[in-house]
Amino acid sequence: MEHRSKVFKFAVIFLLLVPLLIGIVIWASLSNYVGENVQKKPNIILIMADDLGSHDVSLRGSNQILTPNIDALGYQGVIFNRHYTAPMCTPTRSSLLTGKYSIHTGMQHYIIAADQPWCLPLEEKLLPQYLKEAGYKTHIAGKWHLGMAKKAFTPTHRGFDSHVGSLGPYIDYFNFTHWMSIKPYTPGFDFRYNESVYRDRVGEYATDVLADEASKIIYNHDPSGDPLFLYFSQLAPHAANDVDPVQAIPEDLEKVGHIKDPKRRTYAAMVKALDRSVGTVVKALKEKGMLENSIIVFFSDNGGPTKGFVSVEASNYPLKGQKNSPWEGALRGMALVWSPLLQQRHRVSEHLTHITDWLPTFAQIAGSTSIKSAELDGFDIWETLSFNKPPVRREMVHCIDPIIGYSSVYLNGWKYINGTTFNGRFDDWLGEMPFEEDPESLRYPHLVMESEVWRALNPFARRHMKSWDLERIRKKTKIVCEGQNPISTPCEPLKSPCLFHVASDPCEVSNLAHVRSSEVETIENKLRLLLENSVPPGNLPNDPRADPALNQGLWTWWLDSNQVTEPAIF
């Protein structure tokens, strides 16, 4: 009996200890996993669209162009509904890579044309340089657009280990040439692998080519070694040129046959290709086993152009204006951020974020030592990204252009505009679309959940998502215009400054400058200080020596003595 009692007691103790032992083993395994996969520096994947209309992502609520991969990134991560950029390509890219407003680098006026001999100043330290000193491998796939008149201006001389893509403003999506039809130049080829001319993929569709090249960078990366920084700077859906601006492949055109206007339909097909490219890159990260320790960010460099030169019928509606203007349609978009490191996900944030914030955020995450002494306009927003804490930012410089003569700045909820572009021709609410819903929109949540991105990221979800969760989140991204305030007056920025409380009036309907004179005075005092500390625009006149006809049919570093590099061999 005593023996049986001892056996029974031993059995009870054993049964009680088994769960504890199992728990210890699981804890040890998780600890090893955390030590190996989370504590090391995360991979940073930055995806930038080019001239994407803020209303042309279905996550914003439109069913005309469905973008399930892009949308899935937002639903699985965090949707920043008030992410601001500069109004044009070059100023935005300069602010992204320096963490500074364009007025502090001389990049505030227009863009760098392919025949202009200037660049983002060489004394500026760029994001890939901060990351390289922290041990990162740094790569860019896509558009550069920060200068190419000398080799020293180009990506692999500015902190990137490699570059595949174009150097100038835009290219044809099939033959990869840039054509300045308003000048007496011949079309020039503009596609490189590092410094070498890269013609192997001519005839393929550029959006897909760049997605494939970005994926190659991921597949060739050793995740057990240094962390990866990939700047995937897509061409899409920027215009190909002013003569033939919208270009798409038949397969994508078939998906948007419900859109009647031919230009808008082709633009929509270009957006579909952009969405596919996001899926391609996320799939590569999944197959390489890198998602466990990666941060993925997606946004557009500015709003889309609806009308005018190299326009593509993009829509930023109901926001006012378009690309290259002082209005929200040029400046405000969505930023989508995903990472298993984010503590709060599956949400929409109305916190203010700016293009200059990414450099200090990434540099701090990477452990850069020199970032602490850098004089930047951006802020480290990791606490906002991960924990939904309010950011410290209360002001933004959208653009102060002394050549055109306009300014657009934000302070404590108020936006001040003085002057405008194109003599006010595009100062309106552009891009309202007819009711042309994609037939697939009837199963929208399922379409998102079947996407490449959803399948890759869903295993990391913080909770099980249902279709109604997507619809609930989607409603929160919609921009709602308020009715016109009866005390407001018409905004005529070429005659006098305008003032909008964009925190509550995102569509810039009610100009309150005449009744909020104290806010106008405060902002104008701030503006004077900004002008005193700004750098003059660095633009230089066009140089006809850049003509591809003088450089073997290439857009190249024409100011260097040895202009052409032998083609890459693969």
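Everything below is about the structure printed above this text.
Residues numbered from 1 in each chain as written. Predicted model: local features only at pLDDT ≥ 70, side-chain atom pairs only at ≥ 80, totals over all residues. Heavy atoms only, no water.

**Q** So what about the side chain of Lys-320? Which residues, and what values?
**A** Tracing the sequence through the fold places Lys-320 in the loop between β10 (294–300) and α8 (328–331). Summary of buried charges: Lys-320 has no salt-bridge partner, and the nearest side chain of opposite charge, Glu-508, is 6.2 Å away. The contact partners of Lys-320, leaving out residues within four places of it in the chain, are Trp-327, Glu-328, Gly-329, Ala-330, Asp-427, Asp-428, Trp-429, Cys-507 and Glu-508. (Helix = DSSP H or I, 4+ residues; strand = E, 2+ residues; numbered from the N terminus. Buried < 20%, exposed > 50% of the residue type's maximum accessible area, 1.4 Å probe, protein only. Lys, Arg positive; Asp, Glu negative; His and termini not counted. Salt bridge = Lys/Arg side-chain N within 4 Å of Asp/Glu carboxyl O. Contact = heavy atoms within 4.5 Å.)

**Q** Run through the nonpolar core, naming residues and quoting values.
**A** The nonpolar side chains of soluble globular proteins are, as a tendency, buried together. Among the nonpolar cores identified, the biggest contains 77 residues, and Tyr-75, Phe-191, Phe-232, Ile-296 and Phe-298 are the most heavily contacted of them. Considering each element in turn, this core owes the most residues, twelve residues, to helix α7 (residues 262–287). Leu-120, Leu-127, Tyr-136 and Trp-555 belong to the second largest nonpolar core, which has 53 residues in total. (Core = buried A, V, L, I, M, F, W, Y, C linked by side-chain atoms within 4.5 Å.)

**Q** Explain the state of the cysteines to me, and be specific about the residues and the numbers.
**A** Inspection of every chain in the model, using the stated rule, returns two disulfides. A disulfide bridge connects Cys-481 with Cys-507, and the sulfur atoms are separated by 1.9 Å. Because the torsion about its S-S bond is -75 degrees, the bridge between Cys-481 and Cys-507 counts as left-handed. Of the two residues, Cys-481 sits in the loop between α13 (467–477) and β16 (498–500) while Cys-507 sits in the loop between β16 and α14 (517–532), which places them 26 residues apart along the sequence. Judged by its relative accessible area of 36%, Cys-481 is partly exposed. (Disulfide = S-S within 2.5 Å.)

**Q** Please set out the sheet that holds strand β4 (residues 162–165) residue by residue, giving values where relevant.
**A** Across the sheet, ten strands lie side by side as β8-β7-β4-β3-β9-β1-β10-β11-β2-β12; this open sheet has mixed pairing. Across the chains shown, the open sheet's two edge strands, defined by having one partner strand only, are β8 (196–197) and β12 (347–354). Its contacts with the sheet place helix α5 (residues 206–219) against β3 (137–142), β4 and β9 (228–233), and it is angled at close to 180 degrees to β9. (Pairing = 2+ DSSP bridges. Axes fitted to C-alpha atoms, helices over the stretch in contact; angles between N-to-C directions.)

**Q** So what about the sheet that holds strand β15 (residues 414–418)? Which residues, and what values?
**A** Within the open sheet, the four strands sit side by side as β13-β14-β15-β16. Their pairing is antiparallel. The open sheet has two free edges, formed respectively by β13 (395–401) and β16, since each of these has just one partner strand. Each neighbouring strand pair of the sheet contributes to a mean axis angle of 10 degrees, computed without reference to strand direction. Here β15 runs beside β16; their pairing, made up of three bridges, is antiparallel.

**Q** Outline the environment of Gly-413, supporting the account with residue identities and numerical values.
**A** Following the sequence through the fold, Gly-413 ends up in the loop between β14 (406–411) and β15. Of the residues examined, Gly-413 reaches a relative accessible area of 5% and is grouped as buried. Sequence separation between Gly-413 and Leu-352 is 61 residues; the distance between their C-alpha atoms is 9.9 Å. For Gly-413, the residues in contact, after removing those within four places along its chain, are Phe-500, His-501, Val-502 and Ala-503.

**Q** How would you sum up the packing of α5 against α7? Please name residues and give values.
**A** Direction vectors running N to C along α5 and α7 enclose 10 degrees, while the axes themselves pass 9 Å from each other. Here α5 lies roughly parallel to α7, going by the angle between them. Note on packing geometry: the crossing formed by α5 with α7 is right-handed. Mapping the contact onto sequence places Thr-207, Asp-208, Ala-211, Ala-214, Ser-215, Ile-218 and Tyr-219 in α5 and Ala-273, Leu-274, Arg-276, Ser-277, Thr-280, Val-281, Ala-284, Leu-285 and Glu-287 in α7. (Parallel < 35°, antiparallel > 145°, perpendicular 65-115°, else oblique. Left-handed = near helix turned anticlockwise from the far one by under 90°.)

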